[in-house]
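# Fold and geometry: a report
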Amino acid sequence: MRIHGHILNPLLAGIHRLMGKVCLTGNVPNRQNCGMELAAWMHQTGTSAEALAAQIGVHLVTVYHWKARRKFPRPQHLHAIETATCGAVTASDFVPRPEAAA
């Protein structure tokens, strides 16, 4: 028996909510999005800075600083970002990656 994604995703999202993992998109973690920057995630999901700030409990300007990579989130906020994005944006996504050797 094959379970289609449109049936399984809401079910898994409900399980994540029960486990305390509520994300703004209502989706379950998507491992295809690993390594995604906050700005890209917000654009892809249509999440506003206002919504993310409210979910995390920070000022709107703080989200803009994170999005523009002007400031690094505090440890408790890194965890909140990962939770709000269902794991699509993690702490390592805020660390600049070294350029690949040519």
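Residues numbered from 1 in each chain as written. Predicted model: local features only at pLDDT ≥ 70, side-chain atom pairs only at ≥ 80, totals over all residues. Heavy atoms only, no water.

## Notes on the overall build of the chain
Put simply, the rule is: The numbering of helices and of strands both runs from the N terminus, where a helix is a DSSP run of H or I of at least 4 residues and a strand a run of E of at least 2. Throughout, a residue-residue contact means that at least one pair of heavy atoms, one from each residue, lies within 4.5 Å. Here the Shrake-Rupley method, with its probe set to 1.4 Å, supplies the accessible areas, and only the displayed protein chains count as covering residues.
A count of helical and extended segments in the chain gives five helices and zero strands. Helices and strands appear in the chain in the N-to-C order α-α-α-α-α. Considering only intrachain contacts with a sequence separation of at least 6, the fraction spanning at least 24 residues in the chain is 48%. Accessible surface, the chain as shown: approximately 6,800 Å² in total, 58% of it carbon and sulfur.

## Regarding helix 5 (residues 75-84)
Stated precisely, the cut-off is as follows: Classification of residues uses two cut-offs on accessible area relative to the type maximum, computed with a 1.4 Å probe and protein chains only: under 20% is buried, over 50% is exposed, and between them is partly exposed. An arc is given here, and it is the one of the directions from the helix axis to the C-beta atoms.
Taken together, the buried positions of helix 5 are occupied by His-77, Leu-78, Ile-81 and Ala-84. Buried residues along helix 5 cover an arc of 130 degrees about the axis, so they all sit on one side. Opposite the buried face of helix 5, at more than 90 degrees from it, the exposed residues are Pro-75 and His-79. Those residues of helix 5 hidden inside the fold are in contact with helix 2 (38-45), helix 3 (49-56) and helix 4 (60-67).

## Details of the side chain of Asp-93
As a reminder, the rule being used: Pairs of N or O atoms are called polar contacts if they sit within 3.5 Å, as long as, within protein, a hydrogen donor faces a hydrogen acceptor (for residues adjacent in sequence, only side-chain-to-side-chain pairs).
Tracing the sequence through the fold places Asp-93 in the segment after helix 5. When its relative accessible area of 3% is taken as the criterion, Asp-93 is described as buried. In terms of polar contacts, Asp-93 uses its side chain to reach the backbone amide nitrogen of Thr-90, at 2.7 Å.

## Concerning the nonpolar core
Heads up, the rule is: We call a set of buried residues a nonpolar core when its members are Ala, Val, Leu, Ile, Met, Phe, Trp, Tyr or Cys and they connect through side-chain atoms within 4.5 Å of each other.
In this structure, Leu-38, Trp-41, Leu-52, Val-63 and Trp-66 are the most contacted members of the largest nonpolar core, which totals 17 residues. For this core, the elements supplying multiple residues, two or more each, are helix 2, helix 3, helix 4 and helix 5. Here this core gets four residues from one element, more than from any other, and that element is helix 3.

By themselves these figures say nothing about function.
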